[in-house]
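Overview (structure and organization)
So you can see what is in the structure, the chains are spelled out below.
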Amino acid sequence: FTYLALATGIILVIVILINIANLSTIRAVDAIRMNGIRKILGASQKQILLYQLVQLLTLYGISLIIAATLFQVLSGYFAELTGIIVVPTEHLGLLLAFAFIFLLLILGTGLLVDRLSLQIKAVHALKNHVSGQLPGSRLRKIMVVFQFIITGLVISCLLVLVLQWRYIKNKDLGFNTENVAVISILNGEVNAHVLKNELVSLMGADNVSLGTWGTIPGGDVSFTTATLPHSNIDNPVNIVTYDENFLKVFGIEVREGTVPSKNVMEERLTQPILINQTLAQLIENPIDEQITVTWFTASVQGIIEDYNYQSLHNVIQPLIMIPQGERYENYTHVFIKTPLSKVQEIESILTNELTPSDYTFQMMDDHLLSKYNEEQKSISLFIYFSLICLLIAILGILGVVTYALKKREYEIGIRKILGAQMKHLYLLFASEMLVLLTISGIICIPLAIYLKERILQIYAFQVTFNWWYFFLPMFLIVITAMALVIFKINSTGKVNPVNLLREE
């Protein structure tokens, strides 16, 4: 996610520079006639460029003031969203360096376009004969295509993250997550057995279970190696301890065998255990077979269904479940199967028995979602980034369309006088933009598929994508671009042809 944030920042800067180049071209077209007058009156290219430089610096200064104001307004929300507090005075040198580098990039891009516009002869500038005389037309189209590709990839990545997040929230984890409350004991002096007895009086014995930090689904677990029957190879296995009510509270089914309820490790006897289906597949007829674990020998008494005892970043691995000893006292969690109507009563018991610093109380589904805080933060930030990127892309589209129509005002006037209707103008100018969008889509879709694979690599369980999902970003961009093109053509086409031709 750090690399993703860095990449999005770099992409945003690139898109901004592309837009600066395109919008500078429009500004240069608008200034061509004035520059022609300045040349005739004796102004040198250096003086004109200096004037353009002052303009850019003024705009940049205004932008910095607006940016600083927005930063102050949004920094609190950013800190709330990400947990990152940025104090400008602590990073003043870095911020100034970024501001200076960005200024150089803006000046370089803007002045390059201005210098190209100065190559147009003054007589052509005064006659408004600028069509085709401003260099870099092909480069501008390439930059527009590149901008469409970048925007399409950003929206595609957002789509992947949102769909994967929805998949995480709705996936069947193999155990009951609804109507299960989790009490995490933060104070080691709190007696979990006493707390359990209080809750049993309210909920019933079968609905309350005790566990340790490794028992709670979705968290970390202990791991070791085990030698399986008829094999001398050590296999990696995970270890989870449980009490007699754990499987009932979480609704985990026993596929075969029985559930051992006694811990006999302290008596140095063979320990009865449960194993999951993944481990059972490695053993032929596993019931009553013995497994040698690093520090004890175990006998398989039952096989449970596979469930996601770790996060969805991990595949389901071989699991051994050991019943807790009766004397065990270092419990850190209490699990309660409860209807929502009794949650308030449970909270009342906790308030009476404990202080707020002794525990935390959550529903199981909320607890599991809290394990994916990084995904939540990244998706939230990426949504805002995508909106910014789309807005900048719209500005770029607007700039290109404005420039194209500016160059062909005379042609539009002639066509209208000869009887061309608005639909003919739409077809003529929208088709040019549609070609650029088609090229962008052909390049963007394979790249989006590749990025999807890269992003989902961090998840062992991945959402399934339909092929048409990858056309949605380009469809959104095409609709937006066509709407802008039609809007600009419509506003230009409504101008009286006399006004378009009188300067000729």
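Our structure is the block above this text.
First things first, this report covers the structure right here in the doc. Only a predicted model underlies this, so the values are computations on that prediction, with no experimental measurement involved.

Turning our attention to the overall build of the protein. Along the protein, the regular secondary structure elements total 15 helices and eleven strands. Scored against the burial criterion, the 504 residues of the protein give a buried share of 43%. Intrachain contacts of the protein at a sequence separation of at least 6 include 80% that bridge at least 24 residues.

As a further point, take the pattern of salt bridges. Counting across every chain of the model gives five salt bridges. Between Lys-248 and Asp-206 there is a salt bridge, with the nearest N and O atoms lying 3.5 Å from each other. One end of the pair, Lys-248, is in helix α7 (residues 246-250); the other, Asp-206, is in the loop between α6 (192-203) and β2 (208-211), and 42 residues separate them in sequence. The partly exposed category is assigned to Lys-248, whose relative accessible area is 45%. Among the residues examined, Asp-206 registers a relative accessible area of 44% and is labelled partly exposed.

Right, let's get into the nonpolar core. Counting residues in hydrophobic clusters, the biggest one holds 76 residues, and the most contacted among them are Phe-246, Phe-250, Tyr-307, Met-321 and Met-433. Here this core gets 15 residues from one element, more than from any other, and that element is helix α5 (residues 137-170). Residue contacts for Tyr-307: discarding those within four places in its chain leaves Leu-173, Gly-174, Phe-175, Val-240, Phe-246, Ile-252, Ile-316, Leu-319 and Met-321. One finds Ala-181, Ile-185, Met-203 and Val-208 within the second-largest nonpolar core, a separate group that totals 21 residues.

Within the element layout of this structure, Tyr-372 appears in the loop between α10 (364-370) and α11 (373-407). Along the chain, Tyr-372 and Leu-312 lie 60 residues apart, while their C-alpha atoms are 9.5 Å from each other. Not counting the four nearest positions on each side in its chain, Tyr-372 is found in contact with Trp-165, Ile-168, Ser-311, Leu-312 and His-313.

Let us now look at the state of the cysteines. Following the criterion strictly, the structure yields zero disulfides and no others. Note on Cys-157: no disulfide assigned, nearest cysteine sulfur contributed by Cys-444 at a separation of 9.1 Å. Of the residues examined, Cys-444 reaches a relative accessible area of 2% and is grouped as buried.

What follows concerns the packing of aromatic side chains. Across all of its chains, the model carries twelve aromatic pairs by this definition. Where Phe-175 meets Phe-250, the ring centres are 5.8 Å apart and the plane angle is 75°; that geometry is what we call edge-to-face. Of this pair, Phe-175 sits in the loop between α5 and β1 (180-185) while Phe-250 is found in helix α7, placing the two residues 75 residues apart along the sequence. Take Phe-175 and Phe-250: they sit in the same class, and that class is buried. Ring geometry for Phe-246 versus Phe-250: centroids 4.9 Å apart, planes at 45°, classification tilted. One end of the pair, Phe-246, and the other, Phe-250, are both in helix α7, four residues apart, so they sit about a helical turn from each other. Three or more aromatic residues link up through ring pairs in this structure, and these residues are Phe-175, Phe-246, Phe-250, Tyr-307, Tyr-309 and Phe-335. If you follow Lys-171 out to its NZ or CZ, it ends over the ring of Phe-461, 4.6 Å from the centre.

What counts, and at which threshold
Residues numbered from 1 in each chain as written. Predicted model: local features only at pLDDT ≥ 70, side-chain atom pairs only at ≥ 80, totals over all residues. Heavy atoms only, no water. Helix = DSSP H or I, 4+ residues; strand = E, 2+ residues; numbered from the N terminus. Buried < 20%, exposed > 50% of the residue type's maximum accessible area, 1.4 Å probe, protein only. Contact = heavy atoms within 4.5 Å. Salt bridge = Lys/Arg side-chain N within 4 Å of Asp/Glu carboxyl O. Core = buried A, V, L, I, M, F, W, Y, C linked by side-chain atoms within 4.5 Å. Disulfide = S-S within 2.5 Å. Phe/Tyr/Trp six-rings, centres within 6.5 Å; stacked < 30°, edge-to-face > 60°. Lys NZ or Arg CZ within 6 Å of the ring centre and 35° of its normal.

The values are spatial; any link to function lies outside them.
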